[in-house]
Amino acid sequence: MDLHGTSIINDKGHLQIGGCDAVDLVSRFGTPLYVVDEALVRLRARQFNEAFQASGLKYQVAYASKAFSVMAMCVIAEQEGLSLDVVSDGELYTALQAGFPAQRIHFHGNNKTIAELDMALHADIGCFVVDNYYELELLNERAALQGKTANILLRITPGVEAHTHDYISTGQADSKFGFDLGNGSAEDAIIRASGYSHLSLLGVHSHIGSQIFEVEGFKLAVEKLSQFAIRMRDQHDIAFTVLNVGGGFGIRYTAEDSPLPVKEYIAAIADAVITNFNSAKYDIPEIWIEPGRSMVGDAGTTLYTVGSTKDIPGVRKYVAVDGGMTDNPRPALYQSKYHAILANRATDSNEETVSIAGKCCESGDMLIWDLELPKVNAGDVLAVFSTGAYNYAMASNYNRIRRPAVVFVKDGEADVVVERESLQQITCNDVVPARLQKTSLAK
Ligand code: PLP
């Protein structure tokens, strides 16, 4: 399978990312280690921007920081002219601490707390993507208390659901997110939203799915949203200035995946927008998107050290690494597939089929089933590709395993952007109440 971004196999037969030899990275920073190819992240950001510039539309590319929210990533997003989508006070705090301009932050979520709304209002963020009636009322109240008017989009479930190669047009009323287009609640919410004195309605948002490899789902969503916009104008005199079509652009995890070039997704969205709004003589709204996985996913590689193996003749050979579901829960959660090579012997021929197990106390803690590799030895370095999105972001301390470090690599330089957790950090929030310390039952 082709390598991603700046990754190559160097003269030593080692994987090299961003000009840095993976074996050297392991000796400097240890394993497990998340390595991010900074040039590839920047390239993706530029591809999205250039595709929109080519369309001539007004736009914002809001990086969905849920995919990988750390301060260094927010700095890159800012430098590349992206906006930022956050879904919690933690992601908002990360962005603000990184100096990300608040006006380019959009706040998502189906149950934002009062404290989160207050924090975001206080920071003067650019937009709230309002998910439900409760939030509409609450945000209006909280904005009034601060003497502010909050820009909002309403999250709509448009009745289009897309995943990989399938997209289906459904009623989709059964979703925890947003106002349903099919049952009239979206229309009702738009009318109510435009009546609040401390809310300014910019338009609507939809997110149709993840790992999408076709443009049809996006085209259909744009069509439904634009028809809705036109109807709201014609029947209620409410005009939208923004249409947000969410994220979901696919990436290559394994050779089975064939994502489209970024510019094809954007060209299809832009064409659909232009056609639908022009035909109704509607001023074309600003188009926002929210790519997460496609901005950082294939830029990430996780390096592990191989430890024990268990060979069950005629059944399977398990090869265990020093991480697992704690640093990458996606295979256990969604049966997600990954590809990997031996980073220290990348030119050796494959000799055996093995399954990569994590070190957690959980049978489901498997990273890859049936992977072709050279004969694997303890101490080998396994590089698992496309781990940039929803890996560090979803990492846990299960089994009190420490979260790995993250390094950004570029032009031969490697910089830590998240330190490896220490053992002290593992217990730093633990408290043993005084009454437990008084007596010991042990005789
Ligand atoms: N926007 C919304 C509302 C989402 O729920 C998600 C992912 O769950 C995204 C954007 C980012 O999606 P992706 O990482 O697939 O681009």
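Residues numbered from 1 in each chain as written. Predicted model: local features only at pLDDT ≥ 70, side-chain atom pairs only at ≥ 80, totals over all residues. Heavy atoms only, no water.

(A) Molecular detail of the site of the ligand. Among the 15 residues in the neighbourhood of the ligand, the closest are listed as Gly 248, Glu 290, Gly 292, Arg 293 and Tyr 390. Glu 290 has a polar side-chain atom sitting 2.7 Å from a nitrogen atom of the ligand. Take Gly 292: an N or O atom from its main chain is 2.9 Å from an oxygen atom of the ligand. Out of a free accessible area of 400 Å², the ligand has 88% covered by protein chains. Class assignment of the residues belonging to the shell around the ligand gives a composition of three nonpolar, seven polar and five charged. (Near = heavy atom within 4 Å. Polar contact = N/O pair within 3.5 Å; in protein donor to acceptor, adjacent residues only side chain to side chain. Areas by Shrake-Rupley, 256 points an atom, 1.4 Å probe, with all protein chains shown as cover. Nonpolar A, V, L, I, M, F, W, Y, C, P; charged D, E, K, R; others polar.)

(B) Broad picture of the sheet that holds strand β2 (residues 15–17). In spatial order, the strands read β1-β2-β3; together these three strands make up an open sheet with antiparallel pairing. Where the open sheet ends on each side, the last strands, each with one partner, are β1 (8–9) and β3 (20–21). Both β2 and β3 contribute to a ladder of two bridges, which runs antiparallel. When the bridges of β3 are listed, Gln 16 appears paired with Asp 21. (Pairing = 2+ DSSP bridges. Helix = DSSP H or I, 4+ residues; strand = E, 2+ residues; numbered from the N terminus.)

(C) Examining the pattern of salt bridges more closely. Within this structure, the stated rule accounts for 21 salt bridges. A salt bridge links Glu 135 to Lys 112; its shortest N-O distance comes to 2.6 Å. Residue Glu 135 is found in helix α6 (residues 133–145), and its partner Lys 112 is found in the loop between β7 (105–107) and α5 (114–123); the two are separated by 23 residues along the sequence. Classification of Glu 135 by relative accessible area gives buried; the value is 3%. Note that Arg 316 and Asp 370 form a salt bridge whose closest N and O atoms lie 3.0 Å from each other. Pair noted here: Arg 316 is in strand β18 (residues 316–321) and Asp 370 is in strand β21 (residues 366–373), with a separation of 54 residues, a long-range link. A relative accessible area of 23% places Arg 316 in the partly exposed class. Residue Asp 370 is classed as partly exposed on the basis of its relative accessible area of 49%. Shared partners join several salt bridges into a network, and the residues in it are Glu 38, Arg 42, Arg 46 and Glu 80. (Salt bridge = Lys/Arg side-chain N within 4 Å of Asp/Glu carboxyl O. Buried < 20%, exposed > 50% of the residue type's maximum accessible area, 1.4 Å probe, protein only.)

(D) Examining helix α1 (residues 22–29) more closely. Within the span of α1, buried status applies to Ala 22, Leu 25, Val 26 and Phe 29. Across the axial projection of α1, the buried residues extend over an arc of 100°, all falling on one side. Exposed and facing more than 90 degrees away from the buried side of α1 are Ser 27 and Arg 28. The N-terminus of α1 is capped by Asp 21, whose side-chain oxygen sits 2.8 Å from the backbone nitrogen of Val 23. Just beyond α1, the residue with positive phi is Gly 30, at close to 80°. (Arc of directions from axis to C-beta.)

(E) Local environment of the environment of Gly 13. Along the chain, the position of Gly 13 falls in the loop between β1 and β2. Residue Gly 13 is classed as buried on the basis of its relative accessible area of 4%. Between the C-alpha atoms of Gly 13 and Arg 345, which are 332 residues apart in sequence, the distance is 5.8 Å. Once residues lying within four places of it in the same chain are set aside, the contact partners of Gly 13 are Ala 343, Asn 344, Arg 345, Ala 346 and Thr 347. (Contact = heavy atoms within 4.5 Å.)

(F) Main features of the domain arrangement of the protein. When its domains are assigned, the protein resolves into domain 1 (8–34 + 298–416) and domain 2 (108–291). Inter-centroid distance (C-alpha atoms) of domain 1 to domain 2 is 37 Å. Domain 1 puts six residues into the contact, and the matching count from domain 2 is five residues. Of the roughly 540 Å² buried between domain 1 and domain 2 on both sides combined, carbon and sulfur atoms contribute 52%. Scanning the region where domain 1 abuts domain 2 turns up one salt bridge. Across the salt bridge formed by Glu 256 and Lys 337, the nearest N and O atoms sit 3.7 Å from each other. At the surface where domain 1 touches domain 2, the tally comes to one residue pair in polar contact (both at pLDDT 80 or more). Looking at the side of domain 1 that touches domain 2 residue by residue, the class counts come to one nonpolar, two polar and three charged. (Domains from an automatic or database assignment. Buried area = accessible area lost by both parts, 1.4 Å probe.)

(G) Highlighting the packing of helix α8 (residues 216–236) against helix α9 (residues 262–279). Where α8 meets α9, the axes come as close as 9 Å, and the angle between the chain directions of the two elements is 25°. By the angle between their directions, the pair α8 and α9 is classed as roughly parallel. Considering the relative orientation of α8 and α9, their crossing is right-handed. Across the interface between the two elements, Phe 218, Lys 219, Val 222, Glu 223, Ser 226, Ala 229 and Ile 230 of α8 pack against Tyr 265, Ala 268, Ile 269, Ala 272, Val 273, Asn 276 and Phe 277 of α9. Here the residues of the contact of α8 with α9 sort into 10 nonpolar, two polar and two charged. (Axes fitted to C-alpha atoms, helices over the stretch in contact; angles between N-to-C directions. Parallel < 35°, antiparallel > 145°, perpendicular 65-115°, else oblique. Left-handed = near helix turned anticlockwise from the far one by under 90°.)

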